[in-house]
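Read off the chains here:
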Amino acid sequence: MFGKSGPVVIDTYSSRRARRKLPAWLVALVVGLAAGAAGVIYVQQRHLPPRLSTEESTQLRESFNSAERERQRLQVDLAETAKRLEATAAERKAIADELAASRKSVEGLREQIGFLVDSLPPDPRGGAIEVRAARFNKERGALAYEVVLTRNNSRGKPFTGVMQFSVSGTASGGAETTITLPPVAVSVGQYQSLNGSLPLPDGFTPRQSTVNIRDKVDGNLMGMRVLYVR
């Protein structure tokens, strides 16, 4: 009824080999990762800048450190320069303030001198240039003088000329004589005060001095006054 029967063979290893076959998606993933890694390596080798070696990296680090030190040094120098500039500015301000104070003081003195000059008696002879005051002394063989000149019309440019003394006195032999001393340059705006000394001949004793104001040596007489020598 059953017919002829034979042996039945069960292959267990065949089923195990079938179960060990990798899935297609895993194979595709592995292949994609490999292709990506190969692409990265290709790009790095062909298109990107070459990677630095250890020696090159060390040199680059040293260059960076050197640049950083130089930057810090320059920053310190800049700070010191800023301090010096601040000190200079403060010093300049102090000098400017001192100069302003000096100018103010000079203006005050000028006003005082102007008041004193105006209070001097007028020159009896008058003239374009007046000899408002003068004082003469014999000191160590020289004629020491102090003279104050004023100008009637003080507008415009200052008057420029010379002042020359004609000195009368006694020579070394006892004879009366008059000598003319070297000219002294003058420049008179509103007023001018002059002082100095001029040498006298040996043995000469001065008695009086005539102050002559001229526009130049041997030029026009602009003012004159006779005063005694002390």
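Structure's up top.
Residues numbered from 1 in each chain as written. Predicted model: local features only at pLDDT ≥ 70, side-chain atom pairs only at ≥ 80, totals over all residues. Heavy atoms only, no water.

(A) Inspection of the side chain of N212 at higher detail. Position of N212 relative to the elements: it lies in strand β7 (residues 205–214). Take N212: its relative accessible area is 8%, and that puts it in the buried class. Within the local environment of N212, its side chain forms a polar contact with the side chain of S166, the two groups lying 3.5 Å apart. With residues up to four places along the chain from it excluded, the contact list for N212 reads V162, M163, Q164, S166, L221, G223 and M224. (Helix = DSSP H or I, 4+ residues; strand = E, 2+ residues; numbered from the N terminus. Buried < 20%, exposed > 50% of the residue type's maximum accessible area, 1.4 Å probe, protein only. Polar contact = N/O pair within 3.5 Å; in protein donor to acceptor, adjacent residues only side chain to side chain. Contact = heavy atoms within 4.5 Å.)

(B) The arrangement of the sheet that holds strand β1 (residues 129–139) in detail. Across the sheet, three strands lie side by side as β1-β2-β6; this open sheet has antiparallel pairing. The open sheet has two edge strands with one neighbour each: β1 and β6 (191–199). The mean inter-strand angle of the sheet, taken between neighbouring strand axes irrespective of direction, is 15°. Sheet analysis places β1 next to strand β2 (residues 142–151), joined by 10 bridges and oriented antiparallel. For V131, the partnering residue across the bridge sits in β2 and is L149. (Pairing = 2+ DSSP bridges. Axes fitted to C-alpha atoms, helices over the stretch in contact; angles between N-to-C directions.)

(C) Region of the structure containing unusual backbone geometry. Phi angles above zero are rare outside glycine, and R140 is one such case at about 55°. The residue R140 is located in the loop between β1 and β2 in this model. The exposure class assigned to R140 is exposed, which follows from its relative accessible area of 89%.

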